[in-house]
Each structure stands twice: as C-alpha cells, then as structure tokens.
Amino acid sequence: MTDTVDTRTWQHEACRDLLNLGGRLALLVRGEGSHVWDADGTRYLDFLGGIAVNALGHAHPVFVDAVARQAATLAHVSNYFATPQQLELAARVKRLAGTGEHGHVFFANSGSEANETAVKLARLHGHATGKKTIVSLTGAFHGRTMGSLSLTPKPAYQDPFRPLLPGVAHIDPTIEALERVFADESVAALVVEPIQGEAGVVPLPDGFLRRARALATEHGALLIVDEVQTGVGRTGEWFAFQREGIVPDAMSLAKGIAGGFPLGALVTFGDNDLFYPGTHNSTFGGNPLATAVGSAVLAEIEDAGLLANVTQRGIQLRDAVCGLPFVTGTRGAGLLIGITLSAPVAAEVRDAAQRRGLIVNAPTADVIRIAPAYTIGDAEVDEFTTAFAAALAAVAATSPHPSSGAGADTEETTA
Ligand SMILES: *Cc1c(COP(=O)(O)O)cnc(C)c1O
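These figures come from a predicted structure and were not determined experimentally. (Residues numbered from 1 in each chain as written. Predicted model: local features only at pLDDT ≥ 70, side-chain atom pairs only at ≥ 80, totals over all residues. Heavy atoms only, no water.)

### Looking at the overall build of the protein
Here is the rule: Put simply, DSSP marks the helices as runs of H or I at least four residues long and the strands as runs of E at least two long, and each gets a number from the N terminus on. As defined in this context, the radius of gyration uses C-alpha atoms, and a globule is described by 2.2 Å times the residue total to the power 0.38. In this analysis, two residues are considered to be in contact whenever any of their non-hydrogen atoms come within 4.5 Å of each other. All accessible areas in this document rest on Shrake-Rupley with a 1.4 Å probe, and a residue is counted as covered only by the protein chains that are shown. In summary, the charge assignment counts Lys and Arg as positive and Asp and Glu as negative, without counting His or the chain termini. Charge coordinates come from a single atom per side chain, which is NZ of Lys, CZ of Arg, CG of Asp or CD of Glu.
Of the regular secondary structure elements, the protein holds 13 helices and 17 strands. Taking 22 Å as the expected radius of gyration for a compact globule of 415 residues, we find that the protein reaches 21 Å, a close match to that expectation. For the C-alpha atoms alone, the extent of the protein along its principal axes is close to 60 × 55 × 45 Å. Across the protein, contacts joining residues at least 24 apart in sequence account for 70% of those joining residues at least 6 apart. For the protein, the exposed area adds up to about 17,900 Å²; of that, 56% sits on carbon and sulfur atoms. The distance from the centre of the 30 positive side-chain charges to the centre of the 44 negative ones in the protein is 3 Å.

Structural data, given as structure tokens:
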C-alpha cells in the first residue's frame, strides 16, 4: 500500500480511509477563477463555490498572495497574544457591519463554532436576565456541533445525537409564531438566518426580521443573525440584515469571509457582549494566517466593487433560467440563488449538470442552489446557462415528470 492517491481507484480509497459521510462526487485537483479540474483533466464550471465559500473564485492572486506572504511571516501564535492581522480584520468587519464603537469580534474556524459562540452569548445573556430559552426556526441550518445542531431542527441531523442542548425551542418562520413565543417572557435569544440556505434558499417572510427586532428589544432578548452563508457580500449587501434596515445584537460569519481559508466569527453589536476572560476561546481562532487572508478577501471585494457585480450577475442569472424545463421560479438575493423545480428531480439535474461540466447543488429534492464567485462575468453566465439548460433538457427527456414550469409562481426576493 502506498500513501499516494491512485486517481483511478480514489473512490475505493475514500471508502477505506474516510468516515462514510457521503459526498465524493469527483476527485478535484486544481482550480482557477470559476473553474475546477478533476484528476482526469475534465474542467467544470464551479457554480457552487465550495458552498458559498469561494467568494473570489479559485486561486485568485489576492488570496494566493495573502496566504503565501502571511505564511512566510507569522502563521500562528496563541491567543495569549494579539497580532496586527487579527486587529485589522476585526476593525474592518466592525466597519462593514456598522457595529459602532461598542461592537466586538471573536474569531473561530467555522460557522458551527461561530454559532457555538452565539449559543454561549445567549446563555450568558439568559443568566443575566433570568431567561432560559434559545429560539430557532424550523428549516434552519446552524451547524453540526452539538450546540449549533440543537438549533438545527432537522430530524435526520438531530435524532441520532440526542440528547441535545436543553432550553432550545423551535418555531415556524411566521410572524404569528414569533409573537406567540415572545409572549411567555422566557426567550433569551432568537437565532435566524436572513435567508435559509440549506433549506433551499428560503427567504424569511416579509417584515419578519423587523418584527423580530422589535419583539427582541421589547422583551430584552438578543436577536442573533446567522450570516454564515448570506454574509460578506453574498447577497449584494455586505450583510443580508442590512437589506432589512435592522441592527442585530450579534451575527455569526464564516463561509465566504476568507474566500476558502477556514475562518469564522461572531460579531456583537451594542453592549450585549457579556464574555470575560476564561469564558471562551479557540486555539486556532483568529490566527494571523486566517485573519490576513480574511482582510485581503474583504479588501478585494471592496476595492474591486464586487458587490455591484454580485447584484447585477444575480439578476442576469435569474433571468437566464426563467422558462427553462422544470424551472418554476427563483429565490434568494445576489449570488445566493435557489432555482425551484416543478418536480423532485434536483439530484438528477445536479448529476446531469456535472456530466456536462457544471457544478451546482441540490439542497432539497426540488431546488437547485447556485452560489458562484462574486467575480463571474458574461462568459461564466453564458457557460452556466448553456450547460444548465442542457442538463434540464436531458432530465426532461427521460423523466416521468412533466417538465413545464409554465404557469407556476415566481417567488421574488428583492434582487
Ligand atoms: C454552512 C452553515 C453553517 C455551518 O458552518 P460550518 O463552517 O460548516 O460549520 C452555519 N450556518 C449557516 C447558515 C450555514 O450556511
């Protein structure tokens, strides 16, 4: 047995050596811009972007340079020490999020860890106020660690791992349910995604975040937004809550923040930050390598004016898929787009797309999600549209389901 991967038998090696958790659609070896290549040299247009992570695409010179420079300067020190890279990114995130003077940032390594920090903030707030319950929404995805999993009420994810965290309640994402749950005065914090990505790019109902903000303030609870997927420009605003004209008490970030380098963050607004030395930390969290890359990625998004491109390309893509076989509409904002299908063929469409050199994903049976790089241009939009239309047509040709999306509703989120 050799330690070198045989590119013909990689699936066997994956079965032998990795936990059996699914995935493994291809063996990818290289990326550049919006394209990745597998071990056989097949090129794919990557419109999943590592699940909304590769904000600048693959091997962007800014990313490469930031990793290389910082790795050669100072990659890691413990959190007994501060570094300029960590301070610079914290200041940048506070400015972009509009936290004001009182905001604080904690750096972690993933979205789940950012949300664990949010859970601990909610507990600290709960102890200070005598309120016990953390509320999240049905359909939510907040992560896989035990605290974040407890906020993720999907039976297939939760049931094998019970008992979960006590003091967590779930409500439907409706304004009535929101008003009901706040009525009993036990809510310490409400945790919500502005757009539920894993549920199939499902926006919150109109006015939900504003009502949540008002109720949380009125009842002394924290409003915590999980912007792990929607944050750092993905929706065409720096953060999706900014589309609603509200300010949360805290926000979790990860995915796109360092363009593919593992980094998460919990950002607090106002003076709700109840942490003190000894209550929380992370060995890797906020190390100079990760935070240097985070700063470089955010600076590039800002300097290159990529938010405008996100908005414009999002509209262009939504127009492009309109009227294709099975397509009943689109949801989301910016470059986080759910394409709804008239039949449960999303997995077939994903596989047919991959055979045509296009990577998309199927978060539910009848939704295709795309989350491409913020840097895409006309060429990528055209390449996507051609391959996606061909994939849909191929599935339509063999599917027992009617493929006409005509007459179905289009669910528009503000684009
Ligand atoms: C992906 C995601 C998470 C979990 O992030 P990890 O980095 O996988 O731990 C949490 N919340 C939301 C909204 C996500 O999309």
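Still to come is the rest of the account.
### Observations regarding the pairing of strand β17 (residues 367-370)
The condition is simple: The buried label applies to any residue whose accessible area, calculated with a 1.4 Å probe on protein chains only, is under 20% of its type's maximum; exposed applies above 50%, and partly exposed to all values in between. In this analysis, strands are considered paired if DSSP registers two or more bridges between them.
Burial of the side chains of β17 extends over both faces: V367 and R369 are buried on one face and I368 and I370 on the other. Relative to β17, strand β14 (residues 336-341) is paired through 4 bridges, and the arrangement is antiparallel. The partner of G338 across the bridge, within β17, is R369. With antiparallel pairing between neighbouring strands as the criterion, strand β16 (residues 361-364) and β17 make up a hairpin whose turn holds 2 residues.

### Section: the packing of helix α12 (residues 346-355) against helix α13 (residues 378-398)
Our working definition: Note on geometry: axes are C-alpha line fits, over the in-contact stretch for helices, and angles between N-to-C directions span 0 to 180 degrees. The scheme is simple: roughly parallel for angles under 35 degrees, roughly antiparallel for over 145, roughly perpendicular for 65 to 115, oblique for anything else. In this scheme the crossing of two helices becomes right-handed for a clockwise turn of the near helix relative to the far one and left-handed for an anticlockwise turn of less than a right angle.
Here α12 crosses α13 at 125°, and the two axes come no closer than 8 Å. The pairing of α12 with α13 is recorded here as oblique in orientation. For the pair α12 and α13, the crossing hand works out as right-handed. Within the contact between the two elements, α12 uses E348, V349, A352 and A353 and α13 uses F388, A391, L392 and V395.

### Concerning empty space enclosed by the protein
Over the atoms rolls a probe the size of a water molecule, and in doing so it shows where empty space is left. Put simply, the rule is: A cavity here means a set of points on a 1 Å grid, drawn over the protein atoms and nothing else, where a 1.4 Å probe fits but cannot get out; a pocket is an open set with protein on both sides within 12 Å along at least five of seven lines, and a residue lines either one if it has an atom within 4 Å of a point. Grid points are joined across faces, edges and corners, and a volume is the space filled by probe spheres set on the points. All residues other than Ala, Val, Leu, Ile, Met, Phe, Trp, Tyr, Cys, Pro, Asp, Glu, Lys and Arg, Gly among them, are scored as polar; the first ten of these are nonpolar and the last four charged.
Taken as a whole and judged by the stated rule, the model has 1 cavity of 30 Å³ or more. When its volume is computed, the largest cavity comes out at roughly 30 Å³. Within the lining of the largest cavity, the residues separate by chemical class into 2 nonpolar, 6 polar and 1 charged.

### Remarks on the confidence of the model for the protein
Cut-off, in case you're wondering: A score from 0 to 100, pLDDT tells how confident the predictor is in each residue.
On average, residues of the protein score 95 in pLDDT, and 97% of them reach the 70 mark or higher. Counted against residues more than four places away or in other chains, residues 407-415, with its pLDDT under 50, gives 20 contacts.

### Some details on the site of the ligand
Put simply, the rule is: The nearness test applies per residue and asks whether one of its heavy atoms lies within 4 Å of the molecule or strand. Whenever two N or O atoms come within 3.5 Å, that pair is a polar contact, provided that in protein one can donate a hydrogen and the other can accept it, and provided that, for residues adjacent in sequence, both atoms are side-chain atoms.
What surrounds the ligand is the set S110, G111, S112, N115, F141, H142, G143, E193, D226, V228, Q229 and K255. In the model, an oxygen atom of the ligand is placed 2.8 Å from a nitrogen or oxygen of the G111 main chain. Considering the ligand on its own, with 380 Å² of exposed area, one finds that the protein chains cover 83% of that surface. In terms of residue count, the dominant contributor to the shell around the ligand is helix α5 (residues 111-129) (3 residues). Along the lines of polarity and charge, the residues of the shell around the ligand split into 2 nonpolar, 7 polar and 3 charged.

### Some thoughts on the nonpolar core
The line we're drawing: The definition of a nonpolar core used throughout is a set of buried Ala, Val, Leu, Ile, Met, Phe, Trp, Tyr and Cys residues joined through side-chain atoms within 4.5 Å.
Core analysis: the largest hydrophobic core is formed by 83 residues, its most contacted members being I301, I339, L341, I368, F384 and F388. Contacts of L341, omitting those with residues within four sequence positions, involve F326, V327, T328, A346, V349, D366, I368 and L392. If you look at the next biggest cluster of nonpolar residues, it comprises 12 residues, including V119, L151, A189 and V191.

### With respect to the sheet that holds β17
If you trace the 4 strands from one edge of the open sheet to the other, you get β13-β14-β17-β16, paired in antiparallel fashion. At either margin of the open sheet sits one strand with a lone partner, and together these are β13 (327-333) and β16. Within the sheet, the average angular offset between the axes of one strand and its neighbour, ignoring direction, is 30°. Here β16 pairs with β17 via 2 bridges, running antiparallel. Each residue of the ladder has a partner; that of N361, found in β17, is R369. Seen against the sheet, helix α11 (residues 306-321) touches β13, β14 and β17 and runs at an angle of roughly 170° to β13. The sheet contacts of α13 involve β13, β14 and β17, and relative to β14 the element is tilted by about 25°.

### Some thoughts on helix α3 (residues 61-71)
Let me state the cut-off plainly: Read the arc as the range of directions from the helix axis to the C-beta atoms.
Within α3, burial applies to F63, A66 and Q70. Taken around the axis of α3, the buried residues stretch over an arc of 65°, which confines them to a single face. Relative to its buried face, α3 has exposed residues pointing more than 90 degrees away, namely P61 and R69. For α3, the elements touching its buried residues are α4 (84-97) and α10 (288-303).

### Observations regarding the side chain of Q158
Inspection of the secondary structure puts Q158 in helix α7 (residues 155-158). Setting aside chain neighbours within four positions, we find Q158 in contact with L149, S150, L151, T152, P153, L164 and H170.

### What to know about the packing of aromatic side chains
Definition in use: Two rings from Phe, Tyr or Trp (for Trp, the six-membered ring) form a pair when their centres are within 6.5 Å of each other. A pair whose planes differ by under 30 degrees is stacked, one over 60 is edge-to-face, and the rest are tilted.
Counted under the stated rule, the structure contains 5 aromatic pairs. Between F239 and F241, the ring centres sit 6.2 Å apart and the planes meet at 10°, which makes this aromatic pair stacked. Each member of the pair, F239 as well as F241, carries the same accessibility label: buried. With 5.1 Å between their ring centres and 15° between their planes, F384 and F388 make a pair best called stacked. One end of the pair, F384, and the other, F388, are both in helix α13, 4 residues apart, so they sit about a helical turn from each other. For the pair formed by F384 and F388, the shared burial category is buried.

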